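Here is what each chain is made of, one letter per residue.
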Amino acid sequence: MASGGVAVASLWTEVNRCGQNGDYTRALKALAKILQENRDDVTALQCKVVCLVQNGSFKEALNVMNTHSKVLGSEVVFEKAYCEYRLNRVESSLKTIESAPDQTDKLKELYGQVLYRLERYDECKSVYTDLIRNSQDEYEEERKTNLAAVVAAMSQWEKAPMEDLGLPESTYELCYNTACALIGQGQLTEAFNKLRQAEELCRVSLAEDSDVTEEDIESELAVIHSQMAYIMQLQGRTDEALQLYNQVIKLKPSDVGLLAVTANNIITINKDQNVFDSKKKVKLTNAEGVEYKLAKKQLQAIEINKALLAMYTNQADQCRKLASSLQSQNPGHPRPVLIQAAQLCREKQHSKAVELLQQFSEKNPESASGIKLTMAQLYLVQGHVTKACDVLRSIEEFKHKAGMVSALVTMYSHEEDIDSAIDVFKQAIEYYQAEQPGSAAHLALVREAANFKLKHGRKKEAISDLEQLWKQNTNDVHTLAQLISAYSLVDTNKAKSLSKHLPSADTMSFNVDVDELEHSPGATYVRKKAGKVVGENLPKEPGQGEVKKKRKKKKGKLPKNYDPKATPDPERWLPMKERSYYRGKKKGKKKEQIGKGTQGATAGASAELDASKTASSPPTSPRPGSASGSSTAPSGSGAVPPRQQKPSSSGATRKKAPQKKKKGGKGGW
């Protein structure tokens, strides 16, 4: 037994030494021997769990804790919760932490991380605020960085107002998180400046480490550059953004979440263009572990873009599949239904698309506004203007907006339904009369309603609107004149009484120099000055008329070979065939000589070319530059023979290829 005790003690010494040196694999071998002696040794089991965690064997460590749960009890609550967190079992990790009897600082740290992953940002912020207030150690800067990340997430995903928690910006991580929070608030220029500051801090801090290379620095800066590109994209600087995104992709950073977001943003820039590049980039969004690195809204945006890309590449089945999956995950979200409707419209099934949107708007009235606007657009595409108007008037949120009133009146006017257009004005005016009486929007609607009624001959109906406008401003002469004109058809006495309020002609006259006004730079028409007035127009004596000026005739141009002494041909204006001296073309000569030799040659020519019939004579040498026969002699020295060359399009004569003889029959060759 003594020897066994000595062996165990030496094994513990080995475990202690390996733990100090960080050699956890060797420590595990020693612990295995200890546990052979005592299977339920609590200390040995705890050490084994720690060594497995340090080696990254989280699943094996969790198995050990579950197997010996009765022996270990609550001694390894933190280790169990941490293993579950690292294995992405976040809900299980939360239950383990909440069931712990004692909430230690390290459990609170882990609790904050779990809450962040679950996107419970308010609770997470409270945990980190409490930790920063009640603890002082070397991890204070990390806690502040995490708190800044929580504030940024609340600003971006929940659109919460940005709180000033007095966090310093001494590190590039803190600067980066502040920039993200500013992006969520829409302060893009300030956010871009913060990212510049974060980039400088990152370069300075990493340059102090001699082991860090330039590639390591660029890899660390990738997340900052990707966020800069995102700001450029939001500002409409898409070319600069695309260039910076591609630089990040080329670096191939190890963060799969960063790669997925960057690739997704490139796809949004490409839209329905450059789809082959988008199909390459979409593969980066499918990397393993992406779902654990990004927020739910980021993952949702990526899936929506995948469905849209499938639609743009004419993958109808894939598009429907992705859209249906998105709708099942987010039943109240309108985007998946809109994608399905767009796909149906591409297939020319507008009626089915409208029916699909109608069903969704009935089930989800809170999201019905955007859906109904799309329905109205589809009705207009099909030419159903009245149905589109009915759908638009059913949107309570936009029913009385000026833009909606304008659209409805325009469409009803197109359909020549003036009564419905006036009813739209009436309802909008009643709404503003109750909610915002006398406001600029209210009076503008009243004036437009009056003008519309007057334009379409409804002067009687325009009287109440004109009276309301004139009471608001009794000095408005234009409105008063319109009111008098309208009353003249209904009540002439009232029109006369109102006409007394019109200003006199003297008060309406202005000291205006007409000539100066007409010759001003903005004048579009200038009155011509009248001629000099000599006197009254006298009656003209008989026979006295206006003398017209004669135009000088220009002499015609004569031909170059014109001979003034020669008599011109009197029949020169007649066609050649109609002239008296025309004898027609000479036909029949040399006809008998054709076709009795080689193709295109005559009998006389054949005889001339027959060498046997001519006297022998020495051949003549062609002179440079002169022609002999039908070939051109080369110029230059006669010692160098001419080289064969391919025929070119310029500088040489080409011979035509002999035509094929036409055979008899039905026009065949």
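Here we look at empty space enclosed by the protein
Applying the stated criterion across every chain yields a total of one cavity of 30 Å³ or more. Counted as a void, the largest cavity has a volume near 50 Å³. Looking at the largest cavity, the residues that line it are R393, K399, H400, L408, V424 and Q427. Its residues assigned to classes, the lining of the largest cavity shows two nonpolar, two polar and two charged.

Re unusual backbone geometry
In this structure, E119 takes a positive phi of about 60° despite not being glycine. Here E119 shows up in the loop between α8 (105-117) and α9 (121-134). Its identity is not glycine, yet K252 carries a phi of approximately 50°, on the positive side. Here K252 falls in the exposed class, since its relative accessible area comes to 69%.

A few points about the pattern of salt bridges
In the structure shown here, the tally under the stated rule is 22 salt bridges. The partner of R26 in a salt bridge is E14, and the shortest N-O contact between them spans 3.1 Å. Placement of the pair is R26 in helix α2 (residues 24-37) and E14 in helix α1 (residues 2-21), with a sequence separation of twelve residues. Two residues, E163 and K125, come together in a salt bridge whose shortest N-O distance is 2.4 Å. Separated by 38 residues along the polypeptide, E163 in the loop between α10 (140-157) and α11 (172-184) and K125 in helix α9 bring together distant segments of the chain.

Section: the packing of aromatic side chains
Enumeration according to the criterion identifies five aromatic pairs in this entry. Between F78 and Y82, the aromatic rings sit 6.1 Å apart at their centres with planes inclined by 20°, giving stacked as the arrangement. Of this pair, F78 and Y82 both sit in helix α6 (residues 77-86), four residues apart, which is roughly one turn of that helix. Residue F78 is classed as partly exposed on the basis of its relative accessible area, which comes to 23%. Each ring, one from Y116 and one from Y121, has its centre 5.7 Å from the other, and the planes form 65°; the classification is edge-to-face. Its end group placed over the ring of F192, R237 keeps NZ or CZ at 5.8 Å from the ring centre.

What counts as what
- The residue numbers shown here count from 1 along each chain, following its written sequence.
- The predicted origin of the model limits local features to residues at a pLDDT of at least 70 and limits the giving and counting of side-chain atom pairs to 80 or more, whereas totals for whole chains, interfaces and linings rest on all residues.
- Hydrogens and waters are ignored; side-chain quantities use all the structure's heavy atoms.
- Site definitions follow a grid-based scheme: protein atoms alone, a 1 Å grid, a 1.4 Å probe that fits but cannot get out for cavities, and for pockets an open set with protein on both sides within 12 Å along at least five of seven lines, plus lining residues having an atom within 4 Å of a point.
- Grid points are joined across faces, edges and corners, and a volume is the space filled by probe spheres set on the points.
- The classification used treats Ala, Val, Leu, Ile, Met, Phe, Trp, Tyr, Cys and Pro as nonpolar, Asp, Glu, Lys and Arg as charged, and all other residues, Gly among them, as polar.
- The helix count covers DSSP runs of H or I at least four residues long, the strand count covers runs of E at least two residues long, and both are numbered beginning at the N terminus.
- Buried, partly exposed and exposed residues are distinguished by accessible area as a fraction of the type maximum, computed with a 1.4 Å probe on protein chains only: under 20%, between the cut-offs, and over 50%, respectively.
- A pair is scored as a salt bridge if a Lys or Arg side-chain nitrogen falls within 4 Å of a carboxyl oxygen belonging to Asp or Glu.
- Under the pairing criterion, centres of Phe, Tyr and Trp rings, with the six-membered ring standing for Trp, must be within 6.5 Å; the plane angle then separates stacked pairs below 30 degrees from edge-to-face pairs above 60, leaving the rest tilted.
- Think of it as a cone above the ring: NZ of Lys or CZ of Arg counts as a charge over the ring if it is within 6 Å of the ring centre and within 35 degrees of the ring normal.

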